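Residues per chain are reported as follows:
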Amino acid sequence: MTTRTERDAPPVDAEQQALFDALIADEQRIEPRDWMPDAYRRTLIRQISQHAHSEIIGMQPEGNWITRAPSLKRKAILLAKVQDEAGHGLYLYSAAQTLGITREEMTRQLIDGEAKYSSIFNYPTPTWADMGAIGWLVDGAAICNQVPLCRASYGPYGRAMVRICKEESFHQRQGFEILLTLMQGTPAQRRMAQDAVNRWYWPSLAMFGPPDDQSPNSAQSMAWKIKRFSNDELRQRFVAMLVPQAEVLGVTLPDPDLRWDPETERYEMGEIDWDDFFAVLRGHGPCNAERLQRRRDAHEDGAWVREAAAEYARKRAAQEQAEAA
Ligand SMILES: [Fe+2]
Ligand SMILES: [Fe+2]
């Protein structure tokens, strides 16, 4: 058996690279059958699979409240929202599979703790108001991040994002509406809503990633037209969306330094606690271990379903073969 060494690797096909570059420059889409640079493929596999894992792990903090929702209507809405997130995970796993990685491998990376997912889902949800704050802030940040991804240069990713974004808009509205109802309630309900906003505000700002001058991979992603706006630009858009909505709700955004600067036409804001962000990312958040363990257990509990489905498919194929003969 021979193994291929770096030296034997074929040189990058200049013609194919030129065609790829031209498609990107021309705002065309790269499709699974097209040639693409290895680094582009690897970047997309990492980004799309992390995104899928985030949707799946993201079901847990809210799933926690399905049995305790305060009314049948709230339960139905929350159930639908959490199911949407499962759907998002599945579209995204399918999009990643078109790049040549298997679903099994992605699942293994997640449950072995090798893969990352959005750090925001490692925070606890102790009150019902957290359902409001997650919908308003976390799904709100997701919308700001994801609407530009509808134009991502990789076809299957961009197309998956179109439907996902429509559903995210519903998620944000339902969260806003939960908070609005609480803010019109008793003093205790208003305090609960404000407390949840205080806890989710900073982690939701951190969802956009480190400041531009500390985000080394952003430039390449923007050159490939996977990413369309920088982390800081997206954070600005998010805050611009929140400020008038916070006024309608009657909640305070917990940043005393937040103010509009008419000269730069940007929001000035306080410093995000990046040490905390990176600690949670490295696995030291309040719920990292619990989230992963729950996912691992669900995977093991579902083993019989996968085995039964595979066995059924095998029997069907054998039956069809026998009938054809
Ligand atoms: Fe989602
Ligand atoms: Fe969502």
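Attention in this report is confined to the structure presented alongside it.

Calculation notes
Residues numbered from 1 in each chain as written. Chains lettered and ligands numbered in written order. Predicted model: local features only at pLDDT ≥ 70, side-chain atom pairs only at ≥ 80, totals over all residues. Heavy atoms only, no water. Donors = N, O, S within 2.8 Å, 3.2 Å for Na, K, Ca; no water. Tetrahedral: all angles 85-135°; square planar, octahedral: opposite > 155°, others 65-115°. Helix = DSSP H or I, 4+ residues; strand = E, 2+ residues; numbered from the N terminus. Buried < 20%, exposed > 50% of the residue type's maximum accessible area, 1.4 Å probe, protein only. Patch = residues over 30% accessible without salt bridge, like charges linked within 9 Å, V, L, I, M, F, W, Y side chains within 5 Å. Areas by Shrake-Rupley, 256 points an atom, 1.4 Å probe, with all protein chains shown as cover. Salt bridge = Lys/Arg side-chain N within 4 Å of Asp/Glu carboxyl O. Lys, Arg positive; Asp, Glu negative; His and termini not counted. Charge placed at Lys NZ, Arg CZ, Asp CG, Glu CD. Core = buried A, V, L, I, M, F, W, Y, C linked by side-chain atoms within 4.5 Å. Contact = heavy atoms within 4.5 Å. Polar contact = N/O pair within 3.5 Å; in protein donor to acceptor, adjacent residues only side chain to side chain. Arc of directions from axis to C-beta. Axes fitted to C-alpha atoms, helices over the stretch in contact; angles between N-to-C directions. Parallel < 35°, antiparallel > 145°, perpendicular 65-115°, else oblique. Left-handed = near helix turned anticlockwise from the far one by under 90°. Nonpolar A, V, L, I, M, F, W, Y, C, P; charged D, E, K, R; others polar.

Here the focus is the coordination of the iron ion (ligand 1). Each pair of donors in an ideal four-coordinate tetrahedral metal site encloses 109.5 degrees, whereas pairs in an ideal six-coordinate octahedral site enclose 90 or 180 degrees. The protein atoms donating to the iron ion (ligand 1) are E55 (OE), E85 (OE), H88 (ND1) and E168 (OE), with metal-donor distances spanning 2.0 to 2.2 Å. Metal-centred angles of 84 to 147° between the 4 donor atoms at the iron ion (ligand 1) mark the site as irregular. Ordering the donors of the iron ion (ligand 1) by residue number gives the pattern E-x29-E-x2-H-x79-E. Between the iron ion (ligand 1) and the iron ion (ligand 2) the interatomic distance comes to 3.4 Å, and E85 is a ligand of both metals. In this pair, H88 sits in helix α4 (residues 72–97) while E168 sits in helix α7 (residues 155–183), placing the two residues 80 residues apart along the sequence.

In this section: the coordination of the iron ion (ligand 2). The coordination sphere of the iron ion (ligand 2) contains the protein donors E85 (OE), D139 (OD), E168 (OE) and H171 (ND1), at a distance range of 2.0 to 2.2 Å. Taken together, the 4 donor atoms coordinating the iron ion (ligand 2) and their angles of 87 to 162° define a geometry best described as irregular. As a motif over one chain, the donors of the iron ion (ligand 2) read E-x53-D-x28-E-x2-H. A relative accessible area of 2% means that E168 is categorised as buried.

Together, E271, D273, D275 and D276 make up a negatively charged patch on the protein surface. When its relative accessible area of 35% is taken as the criterion, D276 is described as partly exposed.

Y40, I48, W136, Y154, Y157 and W200 are the most contacted members of the largest nonpolar core, which totals 77 residues. Residues contacting Y157, with those up to four places away along its chain left out, are L44, Q47, I48, H51, L92, A95, L149 and A152.

So, on to the side chain of E31. Along the chain, E31 falls in the loop between α1 (14–25) and α2 (38–57). The exposure class assigned to E31 is buried, which follows from its relative accessible area of 14%. Within polar-contact distance, the side chain of E31 engages the side chain of R159 at 2.8 Å. Excluding residues that lie within four positions of it along the chain, E31 makes contacts with M36, Y154, G155, P156 and R159.

Mapped onto the fold, R228 is located in the loop between α9 (218–223) and α10 (231–249). Within the structure, R228 has its side chain in polar contact with the side chain of E27 (distance 3.1 Å).

Bringing helix α11 (residues 274–284) into the picture now. An α-helix turns once every 3.6 residues. As a result, residues three or four positions apart point the same way. Burial in α11 covers these residues: W274, F277 and V280. Down the axis, α11 shows its buried residues gathered within 125° of arc, on one side only. Turned more than 90 degrees from where α11 packs its buried face, D275, R282 and H284 sit exposed. Where α11 is buried, its residues contact α8 (187–206), α10 and α12 (288–301). Its side-chain oxygen at 3.3 Å from the backbone nitrogen of D275, D273 defines the N-terminal cap of α11.

Relative orientation of the contacting elements α4 and α7 amounts to 160°, with a least axis distance of 10 Å. One way to sum up the angle between α4 and α7 is to call them roughly antiparallel. Crossing hand, α4 versus α7: left-handed. Taken together, the residues of the contact of α4 with α7 break down into 11 nonpolar, 4 polar and 8 charged.

The analysis is restricted to geometry; functional conclusions fall outside its scope.
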